[in-house]
Structures are given as structure tokens and as C-alpha cells.
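Descriptive structure summary
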Amino acid sequence: MALTDTRLTDLAHRLLTVPGVVGVVLGGSRARGTHTADSDTDLGLYYRSPLDTGRLGELATEVAGPGAGVTATGGWGPWVDGGGWLRIDGHPVDWIYRDTDRVHRCWADAEQGRYSFHVQAGHPLGVPDFSYPGELALSRILADPTGELERLRRRALVFPRPLAEALVAGLWEADFLIGVARKAVSRGDSSYVSGCLFRIAGVCAHALHGAAGRWLINEKGAVAAAGLLPGAPERFKARMDAVFGAVDGDPLRLSIAIDLVEDLVLEVADACSVMLR
């Protein structure tokens, strides 16, 4: 059984007692209302350095029992940051660190149409820096004594037009990848072609979300989510599935996969152009 709202609020206010924590939000599928019965509960712990992870670890033990613990900041990598995987009242609860000043910087970049994908284990496309303000926009704030997070969240509810235009302009990479993937066909290099196709799918999903003014903060389900957007190419997910279904070591089938995705990229570009008008 998931944690009740009362339990979440109580836990959030206990987290505020940890030096460095400035606010706590409910994130992930439970904040967006897309969760299932067995979905984890994601709590974003917004902090300013130094975060007292020693005291945070003590609190983890208090609420989740012996053996519970947390990482140092950056313990899960430079962009996932750190946190703890806990079980509270028998339910999986993830504490996820977010550097508040970094979130502000990423928002400022997004407003100017600047973004990058950052290498991170577990994220084959890379972590887009604009996912930080996107996470906050899609979250439910549980504790925010100064109102700082709510002010930033309200701003991020409006997707920045410069970021939308930049993500659509980023479709140049899909065209480039199609060209380099074709060079691997004669060698039957299915793994390289697959890598190109995966990145093409991600670039297209982000372009479509940007054109629609919607935050895309996770690679998981990105293609399916893009296909549900108003104005997306018809049968976008099914056609992208067909692209990957054509991949094997046969050069002919690799060429078919690339031809299929090339047609889809052209339609994505046309769709994005219409959506941005």
C-alpha cells in the first residue's frame, strides 16, 4: 500500500530538519497520476550545499529501519546525483537529491534555448539538463517553507519557446545519424545501426514534446508518450517499433530499418513545424 498524503507530509517536514534541505516534492508517476499499484514513491530532496548526509542517513534509519542508508551527494553520478532506496511502511520510497541552485541554472539555460544531454549510467540517451526544471514543473510540492520551489515551479509550467525551437532544430542530428548509419550497413553492423536508431528515436521524441510545449524528462516511455501528442505523426510508436523490428545482421534489413526511420524523421519535422506555428 502506498504512503498516505498525511504520511508523505509528515515525512517531508521531518526531512526539512536535515541541514541543507530546502524543500521536498513528490515526483515521478505518483505526482503525475500515471502510477500503478506497485510504483515507487519518488521524493525529491532539494538542497543547498553542504547537505548533511550524515543526519539524513540517521533519519533514513529512523523511518526505514536498520540497514537503510543514503549516498553522498553525487553518489549516483553527476546528473542523477544521489539519494537513498528505502522501504517505508513496507512501500518502496526513493529519496533523490536535487541541487536547488543547479535547477535554477538549468531553468535559466532552458529559457534561452540552451540544453545538452549528459552522459550518465542508466541513461543511454543521456540526461537532458532541462529535465531538472521539467521535474519540478511536473511535481507536487510537499514542503517549501520559503516558497522558492513553488515560484520556480509556476514559471516552469510554461514551456519556454526558445527551448521548443532548439529541440526542433536538434532534428539535424537525426538526419546526420541516418547518413552515418547507412555507412555501417555493408558491414552488417547491427549494433552500431541500432545505436543510431535509438538516438534518432530520442531526438524525435524530444522534438515533438518541445513543439507541443510538453516536458519530457525520462527516456522510458518517451516514444509512446510522443505518439500520444496532438499533431504527432500517425502511428508514431508502432512505426518506430517496426524500425527496430527490422534490425538484424542482414544488410538488406538494416537498409529497410533506416529507410523507415528516414521517412518518419521527415514527418516529425513537418509535424513540429506545424505545431510551432
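Residues numbered from 1 in each chain as written. Predicted model: local features only at pLDDT ≥ 70, side-chain atom pairs only at ≥ 80, totals over all residues. Heavy atoms only, no water.

Next up on the list: the UniProt feature "domain: Polymerase nucleotidyl transferase" (unreviewed entry) in the protein chain. The UniProt feature table records "domain: Polymerase nucleotidyl transferase" (unreviewed entry) at residues 21–52. Between the end C-alpha atoms of residues 21–52 there is a gap of 8 Å, over a span that is 16% helix and 44% strand. (UniProt positions renumbered as here; feature names shortened; annotations may be inferred. Helix = DSSP H or I, 4+ residues; strand = E, 2+ residues; numbered from the N terminus.)

Let us look at the nonpolar core. Core analysis: the biggest nonpolar cluster contains 61 residues, and Leu-171, Ile-200, Leu-208, Trp-215, Phe-236 and Cys-272 have the highest contact counts within it. Counting residues in hydrophobic clusters, the runner-up holds 25 residues, among them Leu-8, Leu-51, Val-93 and Tyr-97. (Core = buried A, V, L, I, M, F, W, Y, C linked by side-chain atoms within 4.5 Å. Buried < 20%, exposed > 50% of the residue type's maximum accessible area, 1.4 Å probe, protein only.)

This paragraph deals with a nonpolar patch on the surface. Together, Leu-252, Ile-256 and Leu-260 make up a nonpolar patch on the protein surface, roughly 260 Å² of accessible area in all. As for its placement among the helices and strands, Leu-260 is situated in helix H12 (residues 251–276). (Patch = residues over 30% accessible without salt bridge, like charges linked within 9 Å, V, L, I, M, F, W, Y side chains within 5 Å. Areas by Shrake-Rupley, 256 points an atom, 1.4 Å probe, with all protein chains shown as cover. Salt bridge = Lys/Arg side-chain N within 4 Å of Asp/Glu carboxyl O.)

This part takes up the side chain of Thr-100. Residue position: Thr-100 is located in helix H4 (residues 100–111). When sequence neighbours within four positions are dropped, the list of residues in contact with Thr-100 reads Val-22, Tyr-46, Tyr-47, Arg-48, Glu-148 and Leu-149. (Contact = heavy atoms within 4.5 Å.)

This next bit is on the pattern of salt bridges. Within this structure, the stated rule accounts for 20 salt bridges. Where Asp-89 meets Arg-7, a salt bridge forms, and the shortest distance between an N and an O atom there is 2.8 Å. With Asp-89 in the loop between strand E3 (83–88) and strand E4 (91–99) and Arg-7 in helix H1 (residues 5–15), this pair connects stretches of sequence that are 82 residues apart. Ionic pairing is found between Arg-161 and Glu-165, a salt bridge with its closest N-O pair at 2.9 Å. On the criterion of helical spacing, the pair formed by Arg-161 and Glu-165 is a turn pair, its members being four residues apart in helix H7 (residues 161–169).

Looking at the largest pocket, its volume works out to about 970 Å³. Asp-42, Ile-96, Arg-98, Glu-135 and Asn-218 are the residues nearest the centre of the largest pocket, which is lined by 36 residues in total. Among the secondary structure elements, those contributing two or more residues to the lining of the largest pocket are strand E1 (21–27), helix H2 (28–32), strand E2 (41–47), E4, strand E6 (123–128) and helix H5 (131–137). Among the elements that take part in the lining of the largest pocket, E6 stands out by supplying six residues, more than any other. Taken together, 14 residues make up the lining of the second largest pocket; nearest its centre are Arg-32, His-209, Trp-215, Leu-216 and Ala-225. In terms of residue class, the lining of the second largest pocket is made up of seven nonpolar, four polar and three charged. (1 Å grid on protein atoms, 1.4 Å probe; cavity = no way out; pocket = protein on both sides within 12 Å on 5 of 7 lines; lining within 4 Å. Points joined across faces, edges and corners; volume = space filled by probe spheres on them. Nonpolar A, V, L, I, M, F, W, Y, C, P; charged D, E, K, R; others polar.)

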